[in-house]
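In case you want the letters, here they are:
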Amino acid sequence: ADDDAPLERLRSVGCSSKLANSGKLVVPMSPKPHEDLAVSAARADEDGRPNSKGGELVLLRPVVRPGVAAGVSFISFTVDELAKMVQDLPASPREPSQGSCAGVDALRTTMAAVLKCPTVLGSCFLYPSMNEARLNSGGLCEQILEVRRKLADCLEVQQHWASATLQGVKALAPVGGLLKNMRTRDQVRALVIWLLVPDWPALLAGFP
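Colleague: Honestly, the overall build of the chain in this entry has me stumped. Any pointers?
Modeller: When helices and strands are counted, the chain shows 10 helices and five strands. Across the chain, contacts joining residues at least 24 apart in sequence account for 75% of those joining residues at least 6 apart. When the accessible surface of the chain is totalled, it reaches about 13200 Å², and 57% of it is carbon and sulfur.

Quick look at the structure:
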């Protein structure tokens, strides 16, 4: 679908652990019960394994750990990427700039693409360089408020995002049922983003 194409622009390289980036792991080495450290180090030399210094074994090859996928690409929409798109929007609804229509369309389709895909949305708008995924809700809200200021007369964008949010909610809900079993943190983060991004007050203003 056309709305899926923007996801390819968000595809990033595979992730790796800090160990894979450093290329070195230092492991404390304990001698066997029947030998001291010096004997253990000498045996390591005889076996052709890396020697130890000061009671530590230094491995110079990356160690594979759960959660490390160096050969797999991931999709994520960051707050910095959103901020760059928002910056490219016209300064105000009445002051369009050259290429502003393309910028609005890029923001509209990219945001809709992640809103309707909960598995992608759970990895979006996170604080960078953290061991645990944490939603940067403050940064996201700041950019969304700027979008609403710049596109105050463009309710079509908000409707598009609301429609994408509905698709995302349906992807989590069982057939014919309601949302339940919201147990994972990714699902909760997605739910928070669905509440933050579309301008629900403006969209619901016309309803009785």
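Colleague: Quick question: what am I supposed to make of helix α8 (residues 155–172) here?
Modeller: Think of an α-helix as 3.6 residues a turn; residues three or four steps apart then line up on the same face. When the terminal C-alpha atoms of α8 are compared, their 26 Å separation across 18 residues agrees well with the 26 Å that a helix rising 1.5 Å per residue should span. Looking only at α8, the buried set comprises Val157, Gln158, Trp161, Ala162, Ala164, Thr165 and Gly168. Seen from one end, α8 has its buried residues packed into an arc of 165°, which puts them on one side. Summarising the geometry of α8, the exposed residues directed more than 90 degrees from the buried face are Glu156 and Lys170.

Colleague: Even after reading the chapter, I still don't get the side chain of glutamine 143, so can you show me in this structure?
Modeller: Within the secondary structure, glutamine 143 is located in helix α7 (residues 137–150). The contacts of glutamine 143, once residues within four sequence positions are left out, are Val79, Leu82, Ala83 and Val86.

Colleague: I tried to follow unusual backbone geometry on my own but got confused; where do I start?
Modeller: Backbone geometry follows two general trends: most residues other than glycine have a negative phi, and most peptide bonds adopt the trans configuration. One non-glycine residue, phenylalanine 125, lies in the positive phi region at around 60°. For phenylalanine 125, the position within the fold is in the loop between α6 (118–121) and α7. A relative accessible area of 0% places phenylalanine 125 in the buried class. With phi around 60°, serine 129 is a residue other than glycine that occupies positive phi space.

Colleague: Could you clarify how one ought to interpret the nonpolar core in this entry?
Modeller: Nonpolar side chains tend toward joint burial in soluble globular proteins. Among the nonpolar cores identified, the biggest contains 29 residues, and Met111, Leu115, Phe125 and Trp161 are the most heavily contacted of them. For this core, the elements supplying multiple residues, two or more each, are α4 (79–87), α5 (100–115), α6, α7, α8 and α9 (185–196). With six residues, α5 is the single largest residue contributor to this core. Not counting the four nearest positions on each side in its chain, methionine 111 is found in contact with Phe77, Leu82, Phe125, Ile144, Trp161 and Val197.

Colleague: What is the right way to look at the state of the cysteines in this model?
Modeller: Note on terminology: a disulfide is the covalent bond linking the sulfur atoms of two cysteines. Following the criterion strictly, the structure yields zero disulfides and no others. Cysteine cysteine 117 is unpaired, with the sulfur of cysteine 124 as its nearest cysteine sulfur at 8.8 Å. Note on cysteine 117: relative accessible area 22%, which makes it partly exposed.

Colleague: Honestly, the packing of aromatic side chains in this entry has me stumped. Any pointers?
Modeller: In the structure shown here, the tally under the stated rule is one aromatic pair. Consider the rings of phenylalanine 77 and phenylalanine 125, whose centres lie 5.4 Å apart with planes at 50°: the pair is tilted. Placement of the pair is phenylalanine 77 in the loop between β5 (74–75) and α4 and phenylalanine 125 in the loop between α6 and α7, with a sequence separation of 48 residues. Across this residue pair, the class does not change: phenylalanine 77 and phenylalanine 125 are buried.

Colleague: Explanation requested: the pattern of salt bridges in the structure shown.
Modeller: Side-chain pairs of opposite charge can arise whenever the charged atoms involved come near each other. Per the stated rule, a full pass over the model turns up seven salt bridges. For arginine 108, the salt bridge identified is with aspartate 105, shortest N-O distance 2.5 Å. Taken as a pair, arginine 108 and aspartate 105 lie in helix α5 at a separation of three residues, close to a single helical turn. A residue is classified by how much of its surface remains accessible, and arginine 108, at 22% relative accessible area, is partly exposed. With a closest N to O distance of 3.4 Å, glutamate 132 and arginine 134 form a salt bridge. A relative accessible area of 43% means that glutamate 132 is categorised as partly exposed. Residue arginine 134 is classed as partly exposed on the basis of its relative accessible area of 42%.

Rules used in this analysis
Residues numbered from 1 in each chain as written. Predicted model: local features only at pLDDT ≥ 70, side-chain atom pairs only at ≥ 80, totals over all residues. Heavy atoms only, no water. Helix = DSSP H or I, 4+ residues; strand = E, 2+ residues; numbered from the N terminus. Contact = heavy atoms within 4.5 Å. Areas by Shrake-Rupley, 256 points an atom, 1.4 Å probe, with all protein chains shown as cover. Expected span 1.5 Å × (residues − 1). Buried < 20%, exposed > 50% of the residue type's maximum accessible area, 1.4 Å probe, protein only. Arc of directions from axis to C-beta. Core = buried A, V, L, I, M, F, W, Y, C linked by side-chain atoms within 4.5 Å. Disulfide = S-S within 2.5 Å. Phe/Tyr/Trp six-rings, centres within 6.5 Å; stacked < 30°, edge-to-face > 60°. Salt bridge = Lys/Arg side-chain N within 4 Å of Asp/Glu carboxyl O.

The values are spatial; any link to function lies outside them.
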